Amino acid sequence: MTETSQTVSFTQMKDGTKAEYELLAELERPFHAMTGDRILQELERQGQFTLEGYRITRLTHGLQAATRAEQEGADIDWIVGALLHDIGDGLAPQNHDRMSAEIIRPFLRWEVSWVVEHHGIFQMLYYGHHYGWDKNARDEYRDHPCFESCAAFCERWDQSSFDPEYPTQSLAHFAPMVREVFARKAYDPEVIREGVVVGLPPLAG
Ligand SMILES: [Fe+2]
Ligand SMILES: [Fe+2]
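Residues numbered from 1 in each chain as written. Chains lettered and ligands numbered in written order. Predicted model: local features only at pLDDT ≥ 70, side-chain atom pairs only at ≥ 80, totals over all residues. Heavy atoms only, no water.

Novice: Before we go on, may I ask you to explain the coordination of the iron ion (ligand 2) in this structure?
Specialist: Ideal geometry at a metal gives 109.5 degrees between four tetrahedral donors and either 90 or 180 degrees between six octahedral ones. Within the protein, His61 (NE2), His85 (NE2), Asp86 (OD) and Asp158 (OD) serve as the donor atoms for the iron ion (ligand 2), at 2.1 to 2.2 Å. Metal-centred angles of 81 to 170 degrees between the four donor atoms at the iron ion (ligand 2) mark the site as irregular. All donors of the iron ion (ligand 2) come from a single chain, and their spacing in sequence reads H-x23-H-D-x71-D. In this structure, the iron ion (ligand 2) lies 3.6 Å away from the iron ion (ligand 1), the two metals sharing Asp86 as a donor. With His61 in helix 3 (residues 58-71) and Asp158 in helix 7 (residues 147-158), the pair connects residues that are 97 residues apart, well separated along the chain. The two residues His61 and Asp158 agree in class, both being buried. (Donors = N, O, S within 2.8 Å, 3.2 Å for Na, K, Ca; no water. Tetrahedral: all angles 85-135°; square planar, octahedral: opposite > 155°, others 65-115°. Helix = DSSP H or I, 4+ residues; strand = E, 2+ residues; numbered from the N terminus. Buried < 20%, exposed > 50% of the residue type's maximum accessible area, 1.4 Å probe, protein only.)

This is the structure in structure tokens:
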């Protein structure tokens, strides 16, 4: 926690002066700069409990998804997206896909954020029928430009990443990528590239 002797004097936001808001913006800068580190701390926390009933932790699931993405030659946005696709699960288990997407949205490509936001409904393909749900609920997005990317993300990196035997990379391996991504300028159009679909890398062989 950063200690500071400088504080504003107002007790209601509407009473703040321009100088006070400039001070707040200045004090907030180092906090923003530490976002990547807070993300890594949250991932570490997710390594402390197993994923209920599964054979691995939430952290290992994300690490395994990211390892598969890297192995297949995906770019840094896909790798970090795979690593963080379930990061919202701790606070928002009912809508973790959307929460995870909001965390990455300012810093990763539009396509990756869309895929993370919708992976929950696409994942139902693999288990929805066991609960009497529509396993093909993803079909409402059939005409969306990111449909194939999301389907492939779930098939290749998400539904497959619950294997305690898989040679999964460590969090330390991915930490520099997380720091790099969260050090980007937020909502930079050259990073976000709204509407551009790259797709997953083609599978070898
Ligand atoms: Fe998920
Ligand atoms: Fe997942």
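Novice: What is the right way to look at the coordination of the iron ion (ligand 1) in this model?
Specialist: With distances of 2.1 to 2.2 Å, the protein atoms coordinating the iron ion (ligand 1) are Asp86 (OD), His96 (NE2) and His119 (NE2). For the iron ion (ligand 1), the donor residues sit on a single chain with the sequence spacing D-x9-H-x22-H.

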